[in-house]
Amino acid sequence: MLNKIYDWVDERLDITPIWRDIADHEVPEHVNPAHHFSAFIYCFGGLTFFVTVIQILSGMFLTMYYTPDIENAWKSVYYLQNEVAFGEIVRGMHHWGASLVIVMMFLHTLRVFFTGSYKKPRELNWVVGVLIFVTMLGLGFTGYLLPWDMKAVFATKVGIEIAASVPFIGEWIKILLAGDSTILGAQTLTRFFAIHVFFLPAALLGLLAAHFIMIRRQGISGPL
Amino acid sequence: MHRGKGMKFVGDSRIKAENKMPNVPKDYSEYPGKTEAFWPNFLLKEWMVGAVFLVGYLILTVAHPSPLERQADPTDTTYVPLPDWYFLSMYQLLKYEFASGPFNIVGALVMPGIAIGALMLVPFMDTTKERRPFKRPLPTAFMLLAFAAMFYLTWESVANHDWEKAKAQGEIREEVSFDPESEGYKIYAGASCIGCHGDAFEGGLGMPLADTGLTAEEITEIAKNGRGEMPGGTFKGTEEELHTLSEFISGLSTE
């Protein structure tokens, strides 16, 4: 039955090459930890993606309870943390995942750097990687405000002041982020929520797609 | 054109066997050793690594519940903030003389900008064919230097932060139940007490006033003579008012 459905779709859309492309490619020995234990350093990129997937899933579940307004944001997080079944675990995974994804990304960057894998022809993938790096830091920064507790507001205040000190466009960046030139409040929270949940994840998914398509085009770099 | 599952591929599946394109599959035959298929062989091994990682991740999550401080009060100017750990090196940089005050731009923009910019341009600066780290000493040295600098700045930031105070200033405080219409609260709000002890007795410059365990006499004594950082004689009302106030504060609890 399933085979028939598959054949029916495949006959019309030729979907086989799409998944065969992912399934069929060969993985060389020098990146396979089953053959050389030291090859675990090649796992860091995959683990970064793994945590990213967990971040997206746990974040989706968090938004089922979270309310992005200054009256209820903290209360909704408190409720999620203390009342909702497994809420503490879901929030905990999102909280610790935010740090783990940065750790894994640091390690992946160092691996690519010290194995010289960014060299021709992979320059563009390195540049996209650095952009992913910046996007992840942005996600960390915007996510820090959302619980609307003391450290969230005051750390964000400092961050926005730093952004405001950029010459010429500083004030403009500040208003874009905070929603106002003086107040850090309701407007700031909704903006950070939108940036954290829609803008940056959209950018991240686009960049990740580019990152992975380039890896498939170029293959993984050879042994040292 | 043949479509469907019966289609033959050569090595890399994007190239069809009957195609007229030159068949140059991207396999790894130029590399020594055993290659294996991504699906399902290698993916299974990756999943094993992922599962081990996930166990550690979940243990961390269960052992350390994620922190939540009390609800934001933007008027509390005494709060000393700290960003998440991965921003600490940049934050620490702003505390040095050459990168703060009139040179704020150096710490806020120039140095992080150089770091990110240099990172992005690495492939265009290090253009030799050599890949081994020891065969290209300059890039390796610069990366180690940058890593050491970030590590040092983060270390300094953590070492110089008062963690005890940070914990206390963010703690969730139980709400004090009281009647804002009561005479005691009216006296409290009318006097200077409210400035330091907060409009809901949550404390601020002064200590929180609920569950003090002090008797009314002791509170009268403290209001008159002061204690610790609190100066004496700040209450300007009558003896009778002070008595009412002391009784009121002595009875405050978070229950």
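Thresholds, definitions, all that
- Residues numbered from 1 in each chain as written.
- Chains lettered and ligands numbered in written order.
- Predicted model: local features only at pLDDT ≥ 70, side-chain atom pairs only at ≥ 80, totals over all residues.
- Heavy atoms only, no water.
- Helix = DSSP H or I, 4+ residues; strand = E, 2+ residues; numbered from the N terminus.
- Buried < 20%, exposed > 50% of the residue type's maximum accessible area, 1.4 Å probe, protein only.
- Contact = heavy atoms within 4.5 Å.
- Areas by Shrake-Rupley, 256 points an atom, 1.4 Å probe, with all protein chains shown as cover.
- Lys, Arg positive; Asp, Glu negative; His and termini not counted.
- Charge placed at Lys NZ, Arg CZ, Asp CG, Glu CD.
- Buried area = accessible area lost by both parts, 1.4 Å probe.
- Salt bridge = Lys/Arg side-chain N within 4 Å of Asp/Glu carboxyl O.
- Nonpolar A, V, L, I, M, F, W, Y, C, P; charged D, E, K, R; others polar.
- UniProt positions renumbered as here; feature names shortened; annotations may be inferred.

### Re the overall build of chain A
Part 1 of the reasoning: Per the secondary structure count, chain A includes nine helices and one strand.
Part 2 of the reasoning: In sequence order, the secondary structure elements of chain A are arranged as α-α-β-α-α-α-α-α-α-α.
Part 3 of the reasoning: Once the C-alpha set of chain A is aligned to its principal axes, its extents read approximately 55 × 50 × 35 Å.
Part 4 of the reasoning: Burial status across chain A gives 52% buried among its 224 residues.
Part 5 of the reasoning: Counting only contacts in chain A whose residues sit at least 6 apart along the sequence, the fraction spanning at least 24 positions is 65%.
Part 6 of the reasoning: Element-wise, carbon and sulfur atoms account for 72% of the exposed surface of chain A, whose accessible area totals about 10,900 Å².
Part 7 of the reasoning: Positive and negative charge centroids in chain A, built from 15 and 17 side chains respectively, lie 5 Å apart.

### Remarks on the interface of chain B and chain A
Part 1 of the reasoning: Listed by partner, the interface residues are 81 residues for chain B and 93 residues for chain A.
Part 2 of the reasoning: Taken together, the two surfaces of chain B and chain A that pack against each other cover about 8,000 Å², and 69% of this comes from carbon and sulfur.
Part 3 of the reasoning: For B:Asp126, the salt bridge goes to A:Lys119, with nearest N and O atoms at 3.0 Å.
Part 4 of the reasoning: Among the elements of the structure, β1 (36-37), α1 (38-63), α3 (104-125) and α4 (137-159) of chain B are those that each provide at least two residues to the side of chain B that touches chain A.
Part 5 of the reasoning: Top element by residues in the side of chain B that touches chain A is α1(B). It accounts for 14 residues.
Part 6 of the reasoning: Residues that form the side of chain B that touches chain A fall into these classes: 47 nonpolar, 13 polar and 21 charged.

### What to know about the UniProt feature "transmembrane region" (unreviewed entry) in chain A
Residues and elements named next belong to chain A.
Part 1 of the reasoning: The feature "transmembrane region" (unreviewed entry), as given by UniProt, occupies residues 39-66, 96-114, 126-146 and 193-215 in the numbering adopted here.
Part 2 of the reasoning: A helix fraction of 100% and a strand fraction of 0% characterise residues 96-114, whose end C-alpha atoms lie 27 Å from each other.
Part 3 of the reasoning: Structurally, residues 193-215 comprises 100% helix and 0% strand, and the distance from its first C-alpha atom to its last is 32 Å.

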